[in-house]
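Overview (structure and organization)
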Amino acid sequence: MNTYYIDTAGRNANDGLSPETAFADFENVKKLLLQPGDKVLLKRGCIWNSLLEINGKGTPDNFIEVSCYGDGEMPKIERNGDISERCIRVNNPSYFKMSNIEVCNAGTGIVLFYDNDFDNRSVYLDNIIAHDFYGIYRASGSSSTNPAWRDYQCDDRVGFSFGICVTGRDTAETKQKQVLSDFRVTNTEIYRTGGGLGLDWCDHKNCDGTESGPEKFRDVVFENLHLHHNNVPDVSLSSLFIQCVTNAVFRNSTIDVGAGGAPWGAAGIHLQLARNVLIDHVTIKNMPHTGTNDECAIDFETDVDTCVIIDSTFDNNAGAALEFLANKDGSLMPVSRNISVINCVFRNNNWAKIYPNAGQIQIVNWNVDNRPTGVICGCTFENPEAVTFVDGDGDLSGMVQLDNREMNSTEWSMVYEKVACNV
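Here goes a summary of the coordinates provided.

Attention shifts here to the pattern of salt bridges. As a working rule, side chains carrying opposite charge can pair if their charged atoms are close by. Applying the stated criterion to the full structure yields 17 salt bridges. Residues R251 and E223 are paired through a salt bridge, measuring 3.1 Å at the closest nitrogen-oxygen approach. Linking R251 in strand β15 (residues 238-256) with E223 in strand β14 (residues 217-228), this pair joins segments that are 28 residues apart in sequence. Look at R251 and you get partly exposed, because its relative accessible area is 26%. Across the pair R275 and D303 runs a salt bridge, and its minimum N-O distance is 3.1 Å. Here R275 is found in strand β16 (residues 266-285), whereas its partner D303 is found in strand β17 (residues 294-310), with 28 residues between them in sequence. Neither residue differs from the other here; R275 and D303 are each classed as buried. One continuous salt-bridge network, built from bridges that share partners, spans R275, D303, D305 and R337.

Here's what the structure looks like:
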């Protein structure tokens with residue numbers, strides 16, 4: 001088991017095996033096939049403008065680790081701002097940890113890439129700062145019409161300017177095979193990006209254009225995240241993509257100004273092809289009004305089966321707090337079902353009245369007739385003018401409402417003060 005040190009004051013002619021004989025940059029590391037227990041440590045206070053590429057798999061007893069050493073500010077990888085640039089690419093990771101690193105100023109920050117590589121486990125990212133990622137959005141701008149960009153996308157399958165994303169390559173023959181289980185991102189801040197954090201799989205598409213399955217990822221935890229101001233003009237679709245996943249938890253986190261400006265629409269959380277999702281003690285607020293579609297806190301895009309949203313707060317989003325769509329692109333069962341919304345607070349959502357029959361919880365007939373099923377129970381709400389609690393042109397009858405109560409302004413002020421103190 002080796003530990004490799006990287007320090008801008010080092011030399012690539014060194015062996016890299018001690019702080020005194022550190023490598024200067026990442027050239028030697030990308031040539032290595034790291035072995036179980038190996039570590040790559042970046043010196044605090046240093047800044048690099050190059051891609052850190054990691055290859056190798058750990059074992060349950062000996063993870064591969066990428067982190068830092070020394071004193072001072074987090075080590076930083078800062079690129080030139082071009083959409084083709086990445087900060088870190090980790091190829092086919094399994095039993096892998098990354099922590100205490102800042103990445104910024106590229107097309108995408110950290111890419112976990114799986115190249116027809118399945119049944120990986122236990123990838124943990126902790127205390128990452130990722131910001132200022134621009135330019136990549138498949139439906140707009142030069143990036144979607146430039147053939148060279150399309151070729152690049154086929155290489156690394158990055159469809160949006162994420163701070164952190166998991167994606168990869170497979171075909172229809174392997175679309176039901178699981179890529180990664182036990183994936184965790186904790187104690188992380190992501191801002192000024194087009195996509196925030198994404199389980200994306202190139203927006204649920206395989207390399208041959210067929211739809212991906214709902215279990216590319218399993219047993220995922222996102223905890224203690226601060227996702228904010230991911231509203232880059234023209235490209236910012238979402239702060240959190242939860243796609244092609246079974247068993248996902250998002251808790252104790254905040255999304256503030258979660259998206260804005262992408263031509264296809266914008267949402268704080270984008271849910272699609274997802275099973276057994278828990279959203280617990282999350283605050284989503286201040287989705288801006290940019291004249292695009294949706295502008296909602298959570299977009300139930302298509303085929304979400306069993307989702308519990310509990311003890312969460314939705315405040316001042318231009319679009320609905322919860323928007324239920326039924327997009328045929330992605331599933332033979334586009335309508336979401338078994339959704340439980342429990343003890344949540346809704347205030348002043350859908351103030352921009354994105355759709356007719358505006359509701360803080362909006363059920364929309366889009367692509368197909370839409371009748372989501374579930375229960376909304378024990379929630380309190382304060383509606384903006386001309387907006388109701390649950391509404392839309394879809395079929396509302398599948399969402400049973402129990403013991404929900406409208407809150408007056410004085411009560412809301414007390415709740416808001418309590419929430420603000422806990423954020």
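Attention shifts here to the side chain of N92. Along the polypeptide, N92 turns up in the loop between β7 (86-91) and β8 (96-106). Side-chain polar atoms of N92 contact the backbone nitrogen of D115, separated by 2.8 Å. With residues up to four places along the chain from it excluded, the contact list for N92 reads G56, K57, F113, Y114, D115, D117 and N120.

Bringing the packing of aromatic side chains into the picture now. One pass over the structure, following the stated rule, counts 13 aromatic pairs. Ring geometry for Y4 and F23: centres 6.4 Å apart, planes at 10 degrees, overall stacked. Of the two residues, Y4 sits in strand β1 (residues 3-6) while F23 sits in the loop between β1 and α1 (27-30), which places them 19 residues apart along the sequence. On the accessibility criterion, Y4 (11% relative accessible area) is buried. Aromatic side chains F162 and F241 sit 5.2 Å apart centroid to centroid with 75 degrees between the ring planes, which places their arrangement in the edge-to-face category. Of this pair, F162 sits in strand β11 (residues 162-169) while F241 sits in strand β15, and the two are 79 residues apart along the sequence. Classification of F241 as buried rests on a relative accessible area of 0%. Counting every residue linked through ring pairs, the aromatic cluster contains F314, F346, F381 and F389. Lying over the aromatic face of F113, R89 brings its terminal NZ or CZ to 4.3 Å of the ring centre. If you follow K97 out to its NZ or CZ, it ends over the ring of F63, 4.9 Å from the centre.

The rules we used
- Residues numbered from 1 in each chain as written.
- Predicted model: local features only at pLDDT ≥ 70, side-chain atom pairs only at ≥ 80, totals over all residues.
- Heavy atoms only, no water.
- Salt bridge = Lys/Arg side-chain N within 4 Å of Asp/Glu carboxyl O.
- Helix = DSSP H or I, 4+ residues; strand = E, 2+ residues; numbered from the N terminus.
- Buried < 20%, exposed > 50% of the residue type's maximum accessible area, 1.4 Å probe, protein only.
- Polar contact = N/O pair within 3.5 Å; in protein donor to acceptor, adjacent residues only side chain to side chain.
- Contact = heavy atoms within 4.5 Å.
- Phe/Tyr/Trp six-rings, centres within 6.5 Å; stacked < 30°, edge-to-face > 60°.
- Lys NZ or Arg CZ within 6 Å of the ring centre and 35° of its normal.

Just geometry here; none of it tells us what the structure is for.
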